[in-house]
Amino acid sequence: MIEAEVHLSLHNFLRSQAGFPSWPHHLTMARLVARALRLGRSALIQVGAVCGHQGRYRTSFIASALMWHGSVIIVASETVQQRLLKVEIPRLQQWLPANKSIRTGDIWPSPDFHGLLLISPAAWLKGQLAHDNPFPAHIPTIIDGVDDLEDWVRFQLTETIQPQDWDQLMLAYPYQVELIREAKIQLTHQLFQHPENPYHCYLISQSEIEILQNLYLSLEPNHLPDPWRNFWQKIPNLQDSSLTSPSDFPLLWATIARRQGLFSLHYAPIELSKIIAPIWQRQPVVLIGSALELETEAPLFRQRLGLEDVTCLKFAADSQGEAIQLYVPYKLPLPNTPEFQGALIHQVRTLVCLSATAPGMTVILVGDVPLKARVGAILASEFGSRVLVEKTCLDENGILITGWEFWRENQSVLPAPRLLIIATLPLPSLENPLVAGRVAHYKRSHQDWFRLYLLPKAMNELQRAIAPVRENQGIVALLDTRVVNRSYGAQILSSLSPLARLNYLDPSLFSSNNEDHST
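Residues numbered from 1 in each chain as written. Predicted model: local features only at pLDDT ≥ 70, side-chain atom pairs only at ≥ 80, totals over all residues. Heavy atoms only, no water.

Identification of the protein chain as ATP-dependent DNA helicase from Dolichospermum planctonicum CS-1226 is taken from an unreviewed UniProt entry.

1. Topic: the pattern of salt bridges
Test applied: By convention in these notes, a salt bridge is any Lys or Arg side-chain nitrogen within 4 Å of a carboxyl oxygen on Asp or Glu. Counting from the N terminus, the helices are the DSSP runs of H or I reaching at least four residues and the strands are the DSSP runs of E reaching at least two. Each residue's exposure class comes from its accessible area (1.4 Å probe, protein chains only) as a fraction of the maximum for that residue type: buried when under 20%, exposed when over 50%, partly exposed otherwise.
Applying the stated criterion to the full structure yields 17 salt bridges. The partner of aspartate 144 in a salt bridge is arginine 58, and the shortest N-O contact between them spans 2.6 Å. Of this pair, aspartate 144 sits in strand E5 (residues 141-144) while arginine 58 sits in helix H4 (residues 58-67); the two residues are 86 residues apart in sequence, bridging distant segments of the chain. Take aspartate 144 and arginine 58: they sit in the same class, and that class is buried. One salt bridge in this structure joins arginine 438 and glutamate 150, with 3.1 Å as the shortest N-O distance. Linking arginine 438 in helix H17 (residues 433-444) with glutamate 150 in helix H7 (residues 149-157), this pair joins segments that are 288 residues apart in sequence. For arginine 438, a relative accessible area of 10% gives the class buried. Since its relative accessible area comes to 11%, glutamate 150 is described here as buried.

2. Some words on the side chain of glutamate 322
The criterion, for reference: When checking whether two residues touch, look at their non-hydrogen atoms; a contact exists if any pair is within 4.5 Å.
Tracing the backbone through its elements, the reader meets glutamate 322 in the loop between strand E11 (311-314) and strand E12 (324-327). Residues in contact with glutamate 322, not counting those within four places in the same chain, are Val50, Arg56, Ala317, Arg470 and Pro498.

3. Some words on the UniProt feature "domain: ATP-dependent helicase C-terminal" (unreviewed entry) in the protein chain
Short version of the rule: UniProt positions are given in the numbering used here, feature names are shortened, and annotations may be inferred rather than shown by experiment.
According to UniProt, the positions carrying the feature "domain: ATP-dependent helicase C-terminal" (unreviewed entry) are residues 418-498. Measuring from the first to the last C-alpha atom of residues 418-498 gives 17 Å, for a span that is 56% helix and 10% strand.

4. Regarding the pairing of E5
For the record, the criterion: Paired strands, as defined in this entry, are two strands with at least two bridges between them according to DSSP.
Of the two faces of E5, both are covered, the one formed by Thr141 and Ile143 as well as the one formed by Ile142 and Asp144. The pairing of strand E2 (residues 72-75) with E5 spans 3 bridges and is parallel. Bridge assignment links valine 75 to a residue of E5, and that residue is isoleucine 143.

Okay, structure coming up:
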């Protein structure tokens, strides 16, 4: 069977690689992927945050894909594709009994293609969601990095009206220019009444929807430019009495550029499961993520994405080699209190000073945009050019102050930090209108929006953020005391294991011998 062939060939390959990064689960994962290819049965694999960050697991699924006799699609980001093409595939091709054609692109190469196609998530999803899907059915597909799959799908399903699309609408309806211009003026007036927020976006109100609906009813639909046709297909029925299910309500929002006096309109579905469930029926898929959920079966992830009949596997972390040292103060004020900012800045200064003589980079994660700027200014006044805010050109002992998104996107090109300071838990902020819109959806459905949405999102973000620190068993300071004062704190701590809790701070923590301070 293919499983035995892959096991033997990969085993011999791994033994031949002196200094090859070891991962104890290569053969298990390769066998599972090979089994999925042979049986046509889908699988969901969680490789762990550290392995996901380093990408070591990719050797396993590439070996199975190369040795499988038929076609295989690998869905991966452009960066991962280049790594596969330049490192993983050539190295394996020298050892494995396989001679498979390798192609990259956005479309299926040809009807008689039987090789390996590497494609971006955006291109693959665009084809899968199209009415005339260009991809043949039943081609086994491996999707790498599915921690971001929900965001990929929602982005692909988002319809947008840009500022320039109003000009196109006026050109399409020259006899209705005044009507269109008046609707745009009304929308501009109403949208710019919203108070400013750090996210520059706002849920569209019912009165704003009515302006769009009235404009649509005044125009001949046959002449609509494509962006307007696609957008309005989602809009006209919002007041329809048939909208009885909470899943029928979409997410409608506007992004505003106040200085330019411009706005864009956006639509996206809130629930994805019914939309994309048919994709999983067309072909067997192997979905690979780092740390989707604490449970092996990842029930919440699967429910949101309409994944039903899949084999689930989760690899355990290395309890010795991946342990972090975790410091959580007990008496810091809660983040929603006026005293928090002052206490946070004092703790950050203390930690930076204690670690000043230790080699390695310090990363300070601050999700709140104004607070991030304030922390950056205060530390820069004391530590000078060592401090940078969301830059990648740091010195060896640099201090990087960053938000969650920048750190997630750039941690792979930065050295692993010796000290990671986290100001607050990355619970999605209800001040963000898009988060508020999704929470409102859960409330309409009478579901536990915190347990089903905010908490899983935070735990996934935390595990991915901390992964680089595990490489050198560094120190993580989590300055959000909700971890010890709230009932859900135990789940968060469980998601961060393996770890050793630190009782107190002193300079010896940042020396090579600090085991005596842990519990």
